Amino acid sequence: MDPANAAGAGSRREAGGPPGNSEAEIAALYRSAAAVSASLDLERVLDAIVGQVMKLVGPDACACAIFRLDESKNSLRIVSARGLPQAYVNQARVPVGELAVGAAVAKGHPVTTTASSGGTLDLPPPRHAGSHDRPGAFKTVLGIPLLAKGRPLGAIAVYSCEEREFPPAEVSMLSIFASYAAIAIENAALYAQVQRRLAESLSIQEVGAALVRELDLGNILRLVAGHARRLAEASGSLVALPAPGGTRLEIRVVRGERLEPLLGQQVPVDGSLLGVAFRSGRAVRSDDVMRDPRLRHRRLAGRARIKSLVAVPLRIKDQVLGVLAVVNPGPGFDAAEVEVLQLLGHHAAIALENAGLHEKARELAVAEERSRLARELHDSISQSLFSLVLNAEALAELTRRDPARAQALAHRVKEISQEALVEMRSLIFELRPAALEEKGLVTAIRNHVELFRRRQGIDVEFEASGGEVLAKDVQLALYRVAQEALSNVAKHARATRVRVSLQVDEVAARLVVADDGVGFDPAFALNPGLADRQAHLGLTSMRERAELVGGRLQLDSGPGRGTRVVVTVPVADTASRDAG
């Protein structure tokens, strides 16, 4: 739009001239510049600028506003004002080059717009507002550009209810003040940006640390959605994961009342903004969701009254694991918020992959435990049952021919049956150790040690100290390591003496299983291509069980000098796992 026609029937002239040189004007200008430079809070700086302009102009100024360029650099919006209706302030937009403020930004110097004789100034209508929200009775507007290092930030608009001329000296003084104001705005904006980035960085670090500790999928999704909503200052957030088949995304977690009806809903990958982020692996931003041509399925967005949205992929390497989105019913999100959400999405993807690996490791541990129990059943119970069958057949024959021998054999059948019953009970105990759940780790290990002593005939010493409470998963891991270590002693060590100790303090839990057996070369035993398969799997299983609960396994052995297995698990925060 040509600036000359911006005011309808009115006229516009460009204002300028040499600055005034009165001591009073210079003193007023100095005080005003000092006032707007006194704070680094952006809102205070903007309000101070408006107030000082009103003072410098005096009673002829019936309203004043600061317009800032939006992200597109194509239009201006009001960020601070006095004397204008709030609805107009909230919604008015002025294209660069139009009206006094738009023309001042485009030209880089002050521009004045006046109304025609007896008329009112034609100001831009506010969006989505009735005519009663428009300011009226303004006859003159002076637009002064805000320039920082020659770069436009926006403009100051001075409104007069009289059709008047702003003297060149006054315009020059306001232009000089505007240069101070632009510097103050830029400094405050930079300070706010630094503070925001610092806060975001600290928040992301906290989120990352929390996600690294968390292995439960549901807890991870809730953490991510909650932090995304807070960091973006959004009204709502959600996380969607691929549904079976890969053609739809299921909304697994929501934050915000308006999004609660969407929980559990499935969104098509094709024709949805979540799907665009999922397929492309890139962030998607929309400031008007219902009018976005990329969105073909609008039912859920309309139901939740979503206006603006940012969706970021939960991506690790070349794989997208899901989508994180934040929404607002009103104004959209800026580039900085998108960047923070992308960083959060990266942390979330790592946490999701860790949770998946943890679940696979748990399933592998269960499979290995089943295999071990199957071997135990084959090595003990099945052999006992086979022996019972043979003895029962012989007993039937001896009962007729040699009653005395038959009685002795019957006694032996009873002994074998009792031994098989003990073995079966021990295996059931190992499958789900009731003592561990009911009486704790120390009692469970002590019971297993006693059972090991009776079954293997090896001298075992057990001692325990400390009273710190351990999380259930830590207790189970330590119990299973003790089981596996003693099983290895029975199968491979040829030991005559074993020492088992459990020490728990405020720093760590430490389990030691040491024997005086033949020992072995750890490097050889841990090599899957060289070692006995069962021995290798047993050592690997112990190490993985320790690592799953944040611990580590140390193995000290050598040919002819026995074996010492040490597992150390940090105690800090383990008790909180049960609640998490």
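What you see is a predicted model; the values in this text were computed from it and never measured.

Draft legend 1. Representation of the pairing of strand S6 (residues 140–148) within the structure. Here S6 lies mainly inside the structure; 8 of its 9 residues are buried. Looking at chain direction, strand S5 (residues 111–114) and S6 are connected through 4 bridges and run antiparallel. The residue bridging Thr112 from the neighbouring strand is Leu142, located in S6. The pairing of S6 with strand S7 (residues 151–160) spans 9 bridges and is classified as antiparallel. Following the sheet pairing, Ala148 is matched in S7 by Arg151.

Draft legend 2. Focus on the sheet that holds strand S10 (residues 266–268). Read across the sheet, 6 strands follow the order S10-S9-S8-S13-S12-S11 without closing on themselves; strand pairing throughout is antiparallel. Here the strands that pair on one side only, and so sit at the sheet edges, are S10 and strand S11 (284–286). Each strand axis lies, on average, 25 degrees off the axis of its neighbour in the sheet, ignoring direction. Examined bridge by bridge, strand S9 (residues 248–255) and S10 share 3 bridges and lie antiparallel to one another. When the bridges of S10 are listed, Glu250 appears paired with Gln266. Strands strand S8 (236–242), S9 and strand S13 (319–328) of the sheet are contacted by helix H6 (residues 217–231), whose axis makes an angle of about 65 degrees with S9.

Draft legend 3. View of the nonpolar core. Membership of the largest hydrophobic core comes to 38 residues, with the highest contact counts inside it found for Ile445, Leu478 and Val500. Among the secondary structure elements, those contributing two or more residues to this core are helix H12 (441–456), strand S14 (459–465), helix H13 (472–493), strand S15 (497–504), strand S16 (508–515), helix H15 (533–548) and strand S18 (563–570). Looking at this core, the element that brings in the most residues is H13, giving 10 residues. Dropping the residues within four chain positions of it, Val500 is found in contact with Ile445, Val449, Val460, Glu461, Phe462, Glu463, Leu486, Leu511, Val512 and Val513. Of all hydrophobic cores here, the second largest spans 32 residues; its members include Val36, Ile66, Leu146 and Ala182.

Draft legend 4. Quick peek at the pattern of salt bridges. Going through the model one piece at a time under the given rule, you end up with 14 salt bridges. When the shortest N-O distance is used, the salt bridge between Arg294 and Asp292 registers 2.8 Å. Residue classification places Arg294 among the partly exposed residues on the basis of a relative accessible area of 34%. The partner of Asp318 in a salt bridge is Arg315, with the nearest N and O atoms 3.9 Å apart. We classify Asp318 as exposed; its relative accessible area is 75%. Taken together, the shared-partner salt bridges connect Asp60, Arg164 and Glu170 into one network.

Draft legend 5. Looking closely at unusual backbone geometry. The backbone of Lys317 shows a phi angle near 60 degrees, a positive value even though the residue is not glycine. Assessed through its relative accessible area of 72%, Lys317 is described here as exposed. Look at Arg494: it is not a glycine, yet its phi comes out positive at around 55 degrees. Structurally, the position occupied by Arg494 is in the loop between H13 and S15. Relative accessible area serves as the criterion here: at 69%, Arg494 is assigned to the exposed category.

Draft legend 6. A look at the environment of Arg480. Residue placement: Arg480 occurs in helix H13. The class of Arg480 is buried, set by a relative accessible area of 8%. C-alpha of Arg480 to C-alpha of Arg545: the two residues are 65 residues apart in sequence and 8.0 Å apart in space.

Draft legend 7. View of the sheet that holds S15. Taken in spatial order, the 5 strands of this open sheet run S14-S15-S16-S18-S17, and their pairing is mixed. Every interior strand has two partners, whereas the edge strands, S14 and strand S17 (552–557), have only one. Here the strands of the sheet are splayed against their neighbours by 10 degrees on average, with no regard to which way each runs. In this sheet, S15 lies alongside S14 in parallel orientation, the contact comprising 7 bridges. When the bridges of S15 are listed, Glu463 appears paired with Ser501. Relative to S14, H12 is tilted by about 175 degrees, and along the sheet it contacts S14, S15 and S16. Helix-sheet contacts for H13 involve S15, S16 and S18, and the interaxial angle to S16 is about 10 degrees.

Draft legend 8. Quick look at helix H2 (residues 42–57). Helix length check: H2, at 16 residues, gives a terminal C-alpha distance of 23 Å against a target of 22 Å (1.5 Å per residue), a fit within 8%. Taken together, the buried positions of H2 are Val45, Leu46, Ala48, Ile49, Val50, Gly51, Gln52, Val53, Leu56 and Val57. Downstream of H2 by a residue or two, Gly58 has a phi angle that is positive, lying close to 90 degrees.

Draft legend 9. Here's a closer look at the pairing of S16. Among the 8 residues that make up S16, 7 are buried, leaving the element largely enclosed by the rest of the structure. Note that S15 and S16 share 7 bridges and pair antiparallel. Bridging from a neighbouring strand, Val498 pairs with Asp515 of S16. Between S15 and the antiparallel strand that follows it, S16, lie 3 residues. As defined by bridge partners, S16 adjoins S18 across 8 bridges and the pair is classed as antiparallel. When the sheet's bridge partners are listed, Arg510 is paired in S18 with Thr568.

Draft legend 10. Representation of the confidence of the model for the chain. Residues of the chain with pLDDT of at least 70 account for 80%, and the chain-wide mean is 80. Note on residues 1–20: pLDDT is under 50 here. Beyond four places in sequence and across chains, it has 50 contacts. Of the regions scoring below 50 in pLDDT, residues 528–534 engages in 8 contacts with residues more than four places distant in sequence or in other chains.

Draft legend 11. Spotlight on H12. A rise of 1.5 Å per residue sets the reference length of H12, with its 16 residues, at 22 Å; its end C-alpha atoms lie 22 Å apart and thus fit the reference within 8%. Among all positions in H12, only Leu441, Ala444, Ile445, His448, Val449, Leu451 and Phe452 are buried. Along the axis of H12, the buried residues cluster in a sector spanning 165 degrees; they form a single face. Looking one or two residues beyond H12, the residue adopting positive phi is Gly457, at roughly 70 degrees.

Draft legend 12. Here's a closer look at the packing of H12 against H13. Across the interface, H12 lies against H13 with an axial gap of 10 Å and an inter-helix angle of 15 degrees. Taken as axis vectors, H12 and H13 run roughly parallel relative to one another. In terms of crossing hand, the pair formed by H12 and H13 is right-handed. Where H12 approaches H13, its residues Leu441, Ala444, Ile445, His448, Val449, Phe452 and Gln456 are matched on the opposing element by Gln475, Leu478, Tyr479, Ala482, Gln483, Leu486, Val489 and Ala490. Taken together, the residues of the contact of H12 with H13 break down into 11 nonpolar, 4 polar and no charged.

Calculation criteria
- Residues numbered from 1 in each chain as written.
- Predicted model: local features only at pLDDT ≥ 70, side-chain atom pairs only at ≥ 80, totals over all residues.
- Heavy atoms only, no water.
- Buried < 20%, exposed > 50% of the residue type's maximum accessible area, 1.4 Å probe, protein only.
- Helix = DSSP H or I, 4+ residues; strand = E, 2+ residues; numbered from the N terminus.
- Pairing = 2+ DSSP bridges.
- Axes fitted to C-alpha atoms, helices over the stretch in contact; angles between N-to-C directions.
- Contact = heavy atoms within 4.5 Å.
- Core = buried A, V, L, I, M, F, W, Y, C linked by side-chain atoms within 4.5 Å.
- Salt bridge = Lys/Arg side-chain N within 4 Å of Asp/Glu carboxyl O.
- Expected span 1.5 Å × (residues − 1).
- pLDDT = per-residue confidence, 0-100.
- Arc of directions from axis to C-beta.
- Parallel < 35°, antiparallel > 145°, perpendicular 65-115°, else oblique.
- Left-handed = near helix turned anticlockwise from the far one by under 90°.
- Nonpolar A, V, L, I, M, F, W, Y, C, P; charged D, E, K, R; others polar.

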